[in-house]
Amino acid sequence: MKFGSFPLDDAVGGILAHTLRLPDDSVIRKGTVLDDELIDVMHAASMVDVVVALPEPGDVLEDEAAVRISSLFSSDGLRIDEARTGRVNFFARFNGIFRVSAEIIDQINSIDPGITLATLPDYTEVNEGRMVATVKIIPYAVTEESLNTVDAVVQSEAISVLPFSQKKIGLVQTLLPGTRQKVLQKTRKVLERRLALSGSVLVDEQQVFHTQEAVSEAIGTLMGRCDMLILFGASAISDIDDVIPQAIRRAGGQDVRFGMPVDPGNLLLLSELDGKPVLGAPGCARGPAENGFDWVLQRLLADIPVSACDISMLGVGGLLMETGARPHPREKSEGQASKIAALVLAAGQSRRMGDDNKMTVDFHGKPMVRHAVEAAAKSQCDDVFVVTGYDSGAVQEAISDVQHKAVFNPNFDGGLSTSLSAGINALVSDYTAALVLLGDMPFVSELAINKLLETAKQNPGFIVVATCQGKRGNPVLWPARHFSELVTIDGDVGARHLIGMYSDQVIEVELGDLASIDIDTPTALSRYAQPPE
């Protein structure tokens, strides 16, 4: 193909390279094939030459070339669209797993720079109607020779969508002292959402003590009624001889692989019993964020065998620490520091304090809430947000001269979760983390906050929790990838259950008594009239 500026009479049959607007305001669109009539119109407009692409013998125009290439990938799982401007798009016909041969796609893309084929990554979970690949011919035509070479390279099913099977799933959740039913219920709901696209269902659930005997018995009870078994331990699997792997073997199962090079998801166990897969889920699978558990589960739901070798090959692309729940936080450019917001929750109705508002009651010569806000403002946090609700005016007056951004929670009577949600929703997208503090914990200091921030800096992507003698308290630093989960919490509760879900992504920082002391009753106010030692 020849491309360039040609005298009008030599441009007949050429493809117009740029849209033309003529003196009479008529338009000839880019991509139009110029015939004798259009050349006469251009002569009448006193044009002398025009930029066109002139096909030569052996050239195949862009749309025809795109159709010929796309037709080589005919598959039951693909719907192939019509050609437009040298492009043909491929769509999934049903829910399933997208498969592609990277070797063949690479070969096609190396034949001719004018021929391009782009796809989703191999093993991507797709829903019906999702675009999975696109052929784009860049110039206005490519050679017959190039198309013949593509034809010789393409193999059957190089691009395909494998349908999901509707499977019956059994669920075992184990219990330890202190295990909360709310965590178990949330785990089940999250798992049901993971299964929804495949049409698979939970047919039964067993909640048993975290012992080999109890888990093994639950496996035996469920296995005959399901196609796959998923186990969530109250304590994460830490060794191939831990409770859950031992229980599966006790029930007659065999280990396939413990541990996978995907993070989050390292602590996944894949076993087999009676020809059926048994999954020991990592703690991160209790939440909706993408993790290695999803990758294995999706393949099994599409009847794709998963071996130990398959899991071992997931390391490249397996670093998911910053890609969990949507919206995905953007990667910071080189040299750009993380931006952390301090979020002080001070909207509660203070019912336990009697007639006084605990946020404004005098404590060591200052309104209670001012201690936490001042500590946050003096710390290395980039900005301080204070969430108010009940008696908002008085709370704002108490901290009016401390640098902060005010957030009003109109639903403060709905409990702590509503303030957390209001605060997180107030953060703009460039914050990489939020340090959540409670307005009734006046002993949290600038030094303590900076200690948490330093730990977070050394361990990006981890939840950082303050502890008192090993018991988890406050403040808690949350990476941005958890924001979408924090805003969905209901009731007068915090996010402690999420910390349990992501136990393998938590780092604890011992801060002593200041991480546990809250002043929410007259008794506590009197007791701590003097700072703790």
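Heads up: the structure comes first, above all this text.
In this report, the structure presented in the accompanying data block is examined. Keep in mind that what you see is a predicted model, and the values were worked out from it rather than measured.

1. Examining the overall build of the protein chain
- When its secondary structure is counted, the protein chain shows 16 helices and 29 strands.
- Its C-alpha radius of gyration of 31 Å places the protein chain more than 25% over the 24 Å reference for a compact globule of 533 residues.
- Expressed as lengths along the three principal axes of its C-alpha atoms, the size of the protein chain is roughly 100 × 65 × 35 Å.
- Taking all 533 residues of the protein chain together, the buried fraction comes to 50%.
- Accessible surface for the protein chain amounts to roughly 24,700 Å². Of this, 48% is attributable to carbon and sulfur atoms.
- Side-chain charges of the protein chain comprise 46 positive and 71 negative groups, with the mean position of each set lying 7 Å from the other.

2. Section: a negative patch on the surface
- On the surface, D9, D10, D35, D36, E37 and D40 cluster together to form a negatively charged patch.
- Its relative accessible area of 48% is what places D10 among the partly exposed residues.

3. A look at the packing of helix α2 (residues 62–71) against helix α4 (residues 144–153)
- The interhelical angle for the contact between α2 and α4, taken along N-to-C directions, is 15°, at an axis separation of 10 Å. The pairing of α2 with α4 is recorded here as roughly parallel in orientation. Crossing hand, α2 versus α4: right-handed. Residue-level contacts link A65, R68 and I69 of α2 to E144, L147, N148 and V150 of α4.
- Class assignment for the residues of the contact of α2 with α4 results in four nonpolar, one polar and two charged.

Here is what the cut-offs are and how they apply
Residues numbered from 1 in each chain as written. Predicted model: local features only at pLDDT ≥ 70, side-chain atom pairs only at ≥ 80, totals over all residues. Heavy atoms only, no water. Helix = DSSP H or I, 4+ residues; strand = E, 2+ residues; numbered from the N terminus. Rg over C-alpha atoms; globule rule 2.2 N^0.38 Å. Buried < 20%, exposed > 50% of the residue type's maximum accessible area, 1.4 Å probe, protein only. Areas by Shrake-Rupley, 256 points an atom, 1.4 Å probe, with all protein chains shown as cover. Lys, Arg positive; Asp, Glu negative; His and termini not counted. Charge placed at Lys NZ, Arg CZ, Asp CG, Glu CD. Patch = residues over 30% accessible without salt bridge, like charges linked within 9 Å, V, L, I, M, F, W, Y side chains within 5 Å. Salt bridge = Lys/Arg side-chain N within 4 Å of Asp/Glu carboxyl O. Axes fitted to C-alpha atoms, helices over the stretch in contact; angles between N-to-C directions. Parallel < 35°, antiparallel > 145°, perpendicular 65-115°, else oblique. Left-handed = near helix turned anticlockwise from the far one by under 90°. Contact = heavy atoms within 4.5 Å. Nonpolar A, V, L, I, M, F, W, Y, C, P; charged D, E, K, R; others polar.

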